[in-house]
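Report on the structure
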Amino acid sequence: MKRFWQSSLLLGLMLIMIAVLAIGCNQQSQTPPTAASIPEGELDPAVWGKVYPDQYASYLKQKEQTKGNSKYGGSVPESHLKESPAQVKLFAGYPFSEDYNDERGHVWALEDVINTQRVGATTIGSCWNCKSPNVKPLVDKMGDSFWSTPFADLKDEMKHPISCANCHDPKTMALTITSVPLLDALKTRGIDPANFSRQEMRTMVCAQCHVEYYFKPDNKKVTFPWNYGLKMDDAEKLYTEINFKDWNHKESQAPMLKAQHPDYELFSTGVHAANGVACADCHMPYVKQGQTKISSHHLQSPLNHISQSCQTCHKQSEDYLKNQVIGTQDTVFKAKVSLETALTDAINAIASAANNPAAKADMMNEARTLHRQAQWRWDYISAENSMGWHSPKEALRVLSEGLDLARQAQLKANLAVGAAVGGTSGPEAGKTPGAGTAVDATGQSPAPKQ
């Protein structure tokens, strides 16, 4: 009996020692606590990086310009215009027809906006929004005058690209919203950001910039069109209501809308959002960095880290998951290209009909409205950064509507000429020598959106 109790005691002591060692190892695997703090008002990510070196090191990886496993993304500054020459015609009369490159990531935000050919003498301060953490302090100081201040006048004030201070409280490191336009949009929708959970904030800090927006006509302030909701149709309803346009198309003379990058809005209609998945779950997965576990700040396609981003929920193989994503994106891409073709035909038909003095004015106006609506749908999905993956069903719905509207625009322009000459319609209706000659635009926005 004595020997039994001795053995039991020895076994108990061994279990206690194992538990202590396990706790010690576990503590070493956590991010070590730090007593350091970020100075008040400090915006330089390199200074933050001295306190959080692992996160900063992953952030700097964005400078590695690669496509990785992503077929429809990456950080290589490829030209959309070379990839799809039809876009030169679609954006005729607007700076996007001259320079339109793929995004390279947060670390390149300042350099890219400074070097783009879309910036000119009339570009305003609004185009700095979402390019630097220096924007918020300037808006606090200047008020709404910031937005209409000449772009060039603010250049020397922009010291750092998108980085830590855009999303984190320097004292607590808690996620925080620093975007004035997003705070305004949430207020319009009756939403108090203080009520967001941490998981919701892992999406909302992305919604500060990855959204559709327009410049408010009276003061050029960056504004999100969320008055009626987050869907494409809701934004279009507001733009129609306030008679907003970004430019007049050079060939069709239609009052056009330029979509930005409605990633958050499209994501909000998808299955991942419905199941509580946040942007950071896929684009900033937890990774092991040395002896610590951090949220990766190397923002890129989840296809480049499927095991950390996708397989935490989906148990299929990496190849299966990759093929599911790219296969869906291929389908959306084909629909997008079909709509580009239809839009090209519609523009040609409207421009051709415009050369005929006898074309029915009311039908021409209808054709231009249909062109605006169709291209808005194309651009909404084209400018969004997931090639439809954030919400495939919604993306295909929007593109299919756009295809129908584009063909209606083409038909209406043909009928406008056909009615004028006695009912002739069809693809050849109204064609005259020199058809398709560009018509000078009027009413172009003085500050093209970036």
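Named according to an unreviewed UniProt entry, the chain is nitrite reductase (cytochrome; ammonia-forming) originating from Desulfosporosinus youngiae DSM 17734. Listed in UniProt under the heading Subcellular location (unreviewed entry), the comment for the chain reads: "Cell envelope". Its UniProt record, at the heading Sequence similarities (unreviewed entry), says of the chain: "Belongs to the cytochrome c-552 family."

**Comments concerning the overall build of the chain**
Scanning the chain from terminus to terminus reveals 18 helices and six strands. Buried positions account for 46% of the 450 residues belonging to the chain. For the chain, restricting intrachain contacts to residue pairs at least 6 apart in sequence, the fraction spanning at least 24 positions comes to 70%. In the structure as shown, the chain presents an accessible area of about 22000 Å², 55% of it carried by carbon and sulfur atoms.

**What to know about the packing of helix α11 (residues 232-241) against helix α17 (residues 361-383)**
Relative orientation of the contacting elements α11 and α17 amounts to 135 degrees, with a least axis distance of 11 Å. Here α17 runs oblique to α11, going by the angle between their axes. Between α11 and α17 lies a crossing whose hand is right-handed. For the pair α11 and α17, the contacting residues are Met232, Asp233, Ala235, Glu236, Tyr239 and Thr240 in the first and Arg372, Gln373, Trp376, Arg377 and Tyr380 in the second.

**Quick look at unusual backbone geometry**
Residues other than glycine seldom take positive phi values, yet Cys130 does so here, at roughly 70 degrees. One non-glycine residue, Lys220, lies in positive phi territory at about 65 degrees. Along the chain, Lys220 turns up in the loop between β1 (214-215) and β2 (222-223). The exposure class assigned to Lys220 is partly exposed, which follows from its relative accessible area of 25%.

**Points about the nonpolar core**
Formed by 39 residues in total, the largest nonpolar core has its most connected members in Tyr239, Leu343, Trp376 and Ile381. Those elements that provide at least two residues to this core are α11, α16 (318-354), α17 and α18 (392-420). The element best represented in this core is α17, accounting for seven residues. Apart from the residues lying within four places of it in its own chain, the contact partners of Tyr239 are Glu212, Tyr213, Tyr214, Pro225, Phe244, Leu257, Arg372 and Trp376. Counting residues in each nonpolar core, the second largest holds 31 residues, with Leu110, Val135, Ala185 and Leu186 among its members.

The rules behind each value
- Residues numbered from 1 in each chain as written.
- Predicted model: local features only at pLDDT ≥ 70, side-chain atom pairs only at ≥ 80, totals over all residues.
- Heavy atoms only, no water.
- UniProt positions renumbered as here; feature names shortened; annotations may be inferred.
- Helix = DSSP H or I, 4+ residues; strand = E, 2+ residues; numbered from the N terminus.
- Buried < 20%, exposed > 50% of the residue type's maximum accessible area, 1.4 Å probe, protein only.
- Contact = heavy atoms within 4.5 Å.
- Areas by Shrake-Rupley, 256 points an atom, 1.4 Å probe, with all protein chains shown as cover.
- Axes fitted to C-alpha atoms, helices over the stretch in contact; angles between N-to-C directions.
- Parallel < 35°, antiparallel > 145°, perpendicular 65-115°, else oblique.
- Left-handed = near helix turned anticlockwise from the far one by under 90°.
- Core = buried A, V, L, I, M, F, W, Y, C linked by side-chain atoms within 4.5 Å.

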